[in-house]
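# Commentary on secondary and tertiary structure
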Amino acid sequence: TRRDGSGTAVITRTRAQTKRPSLYRVLLLNDDYTPMEFVVHVLQRFFNKNTDEANRIMLHVHHHGVGECGVFTYEVAETKVTQVMDFARKHQHPLQCVMEKK
Ligand code: TYC
């Protein structure tokens, strides 16, 4: 126990190791209407994928229904989902982006 600047008692406990943050997958979902080029652009713009990787992920989603764009901490994953959903809505595409705990 120590006292802080105002004299308040502060109790701290030691821990064996600091906890690593939980990780979340950000996923794109397939639909019948969003243009393939738009999905490729999203992967390049928000997930920093090169042209080849963006096309590979887009085609994976197109054929399998869902695919991984990246793995992030909670706040970063949440920000990516919001950015993609806002961008899709702005362009009037039904593209869906979601996150799931790893
Ligand atoms: N299925 C869409 C089409 O044929 C392309 C598409 C791919 C849409 C991936 C969404 O997450 C998606 N135009």
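Please refer to the structure placed before this passage.
Because the structure is a prediction, the values reported are computed rather than measured.

### Observations regarding the nonpolar core
- The biggest cluster of nonpolar side chains holds 24 residues, and the ones touching the most others in it are V26, L28, V42, L43, F47, V84 and L95.
- Mapped by element, the contributors of at least two residues to this core are strand 3 (23-29), helix 1 (36-47), helix 2 (51-64), strand 4 (66-73) and helix 3 (74-90).
- Residue contributions to this core peak at seven residues, all from helix 1.
- Sequence-distant contacts of F47, defined by excluding residues within four places in its chain, comprise V26, V42, C69, F72, K80 and V84.

### Some remarks on the site of the ligand
- Near the ligand the following residues occur: L28, L29, N30, D31, T34, M36, V39, M58, V61, H62 and L95.
- D31 is positioned with one of its backbone polar atoms (N or O) 2.7 Å from a nitrogen atom of the ligand.
- Between a nitrogen atom of the ligand and a side-chain N or O atom of H62, the distance comes to 2.9 Å.
- In isolation the ligand offers 350 Å² of accessible surface; the protein chains occlude 88% of this area.
- Elements with a contribution of two residues or more to the shell around the ligand: strand 3, helix 1 and helix 2.

Criteria and thresholds
Residues numbered from 1 in each chain as written. Predicted model: local features only at pLDDT ≥ 70, side-chain atom pairs only at ≥ 80, totals over all residues. Heavy atoms only, no water. Core = buried A, V, L, I, M, F, W, Y, C linked by side-chain atoms within 4.5 Å. Buried < 20%, exposed > 50% of the residue type's maximum accessible area, 1.4 Å probe, protein only. Helix = DSSP H or I, 4+ residues; strand = E, 2+ residues; numbered from the N terminus. Contact = heavy atoms within 4.5 Å. Near = heavy atom within 4 Å. Polar contact = N/O pair within 3.5 Å; in protein donor to acceptor, adjacent residues only side chain to side chain. Areas by Shrake-Rupley, 256 points an atom, 1.4 Å probe, with all protein chains shown as cover.

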